[in-house]
Amino acid sequence: MSSNHRRFSKILTIGTFDGVHIGHQKILKRIVNLSKEKDLIPSVLTFFPHPRMVLQQNHSIKLLNTIAERRVLLEKFGVELICVKTFTREFANLSARAYVKDILVNELNTKQVVIGYDHHFGKNRSANINDLKKFSEEFDFEIEEISAEDIAEVTVSSTKIRNALNNGNISLANTYLGYNYFLTGKVVSGQSIGRTIDFPTANIYIEEDYKLIPKDGVYVVKSTINETLYYGMMNIGSNPTIKNKPRSIEIHFFDFENDIYGKQIVIELLTRLRDEHKFETLEALQEQLRLDRENALAYIKSAE
């Protein structure tokens, strides 16, 4: 098969892929393996914003990944081409035939689609896998159907991951993800109160308001900064000991003194230590933070 063929021909799977979790990874592994057998480019067609945000105007929906994070994860699991379609009402109104002809065939030059038995597409999601099989004959591409069992694994774990994070169960969420849940944000200046009690913190601002922030509390985290791995503890919440403080994400890194204001960092969540509490004095808060640090360091040592 010529190099030109591979340069332009795709094996494609389609979906939101929020989380790129263990269920998704199974599908991605399949298209990557098939791509090697058939000399095709392993590709994903995904959508943003989330269809529910547009069709149901559900702005309360929180996603496991920002669109940039989703790209990073898809590439990590072997996807070479990621086509992000802007999901609009106009796009949702495309007929099933136009969707297949214009996007899958003409735009993406798809030679094989790996898709779930329950896949629906086109205006009002009126077309199904049987329609796609008819189009595949007309437009000359192959279909591989993903089993009901595998689809159940994909749909169930996304919901379970969101529930786990909302309940602060990081270890369960990480098990379903197959990697540590992470937040990507910019280090911004805060009130510098942590510095006065010997626990200086990096305040993290996450621009994307649709990103799911886990339950308030104290977490053990790690981050690679300037190619060096640092551990720390992170507080999510309003820090009720300090009055009139908005909800924030603050990290105290261990053995770290670098200036990282303005830097974009990725924070991996390892486990949750406790709920957020209100303390009567800053001294009481400081004492609790010392205990949190001991517990965090003990966890890190046990996990190594």
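See the structure printed just above.
Quick summary incoming for the structure in this document. Every chain's residues receive numbers from 1 upward, in the order its sequence appears when written. For a predicted model such as this one, the threshold for reporting local features is a pLDDT of at least 70, and the threshold for listing and counting side-chain atom pairs is 80 or more; totals across whole chains, interfaces and linings nevertheless cover every residue. Side-chain numbers here rest on the full set of heavy atoms in the structure, without hydrogens or water.

## Concerning the pattern of salt bridges
Next, step 1: Whenever Lys or Arg places a side-chain nitrogen within 4 Å of a carboxyl oxygen from Asp or Glu, that contact is recorded as a salt bridge. Enumeration according to the criterion identifies twelve salt bridges in this entry.
Next, step 2: Taking the shortest distance from any N to any O, the salt bridge between D150 and K26 comes out at 2.9 Å. Of the two residues, D150 sits in helix 8 (residues 148–166) while K26 sits in helix 2 (residues 22–38), which places them 124 residues apart along the sequence. Where helices and strands are cited, they refer to DSSP runs of H or I of at least four residues and of E of at least two residues respectively, numbered from the N terminus.

## What to know about the nonpolar core
Next, step 1: Only buried residues count toward a nonpolar core, which is a set of Ala, Val, Leu, Ile, Met, Phe, Trp, Tyr and Cys residues joined through side-chain atoms within 4.5 Å. Here the term buried applies to any residue with accessible area under 20% of the maximum for its type, exposed to any over 50%, and partly exposed to those in between, with areas from a 1.4 Å probe on protein chains only. Residues I204, M234 and F253 are the most contacted members of the largest nonpolar core, which totals 47 residues.
Next, step 2: Here the element with the most residues in this core is helix 8; it accounts for five residues.
Next, step 3: Contact partners of F253, with chain neighbours within four places excluded, come to A202, S223, I225, Y230, Y231, G232, I260 and I265.
Next, step 4: One finds I14, V113, I115 and I129 within the second-largest nonpolar core, a separate group that totals 25 residues. Pairs of residues are marked as contacts when any of their non-hydrogen atoms sit within 4.5 Å.

## Let's talk about helix 2
Next, step 1: Between the first and last residue of a helix there are one fewer steps than residues, each counted as 1.5 Å, and that sum is the expected span. Counted at 1.5 Å a residue, the expected span for helix 2 with its 17 residues is 24 Å, and the 24 Å between its end C-alpha atoms agrees.
Next, step 2: Taken together, the buried positions of helix 2 are G23, H24, Q25, I27, L28, I31, V32, L34 and S35.
Next, step 3: Immediately downstream of helix 2, the backbone of D39 shows phi near 55°, a positive value.

## Re the packing of helix 8 against helix 9 (residues 170–177)
Next, step 1: Fitted lines through C-alpha atoms serve as axes, helices being fitted only where they are in contact, and the angles separating the N-to-C directions of these axes extend from 0 to 180 degrees. Closest axis-to-axis distance for the helix 8/helix 9 pair is 8 Å, and the angle between their directions is 155°. Taken together, the axes of helix 8 and helix 9 are roughly antiparallel relative to one another. When you trace helix 8 past helix 9, the crossing you get is left-handed. From helix 8, S157, K160, I161, A164 and L165 reach across to helix 9, where they touch I170, L172, A173, Y176 and L177.
Next, step 2: Here the contact of helix 8 with helix 9 is built from residues that sort into eight nonpolar, one polar and one charged. Note that the term roughly parallel is reserved for angles under 35 degrees, roughly antiparallel for angles over 145, roughly perpendicular for angles of 65 to 115, and oblique for everything else. Whether a crossing is left-handed or right-handed is set by the direction in which the near helix is turned from the far one by less than a right angle, anticlockwise for left-handed and clockwise for right-handed. The nonpolar class holds Ala, Val, Leu, Ile, Met, Phe, Trp, Tyr, Cys and Pro. Asp, Glu, Lys and Arg form the charged class, and all remaining residues, Gly among them, are polar.

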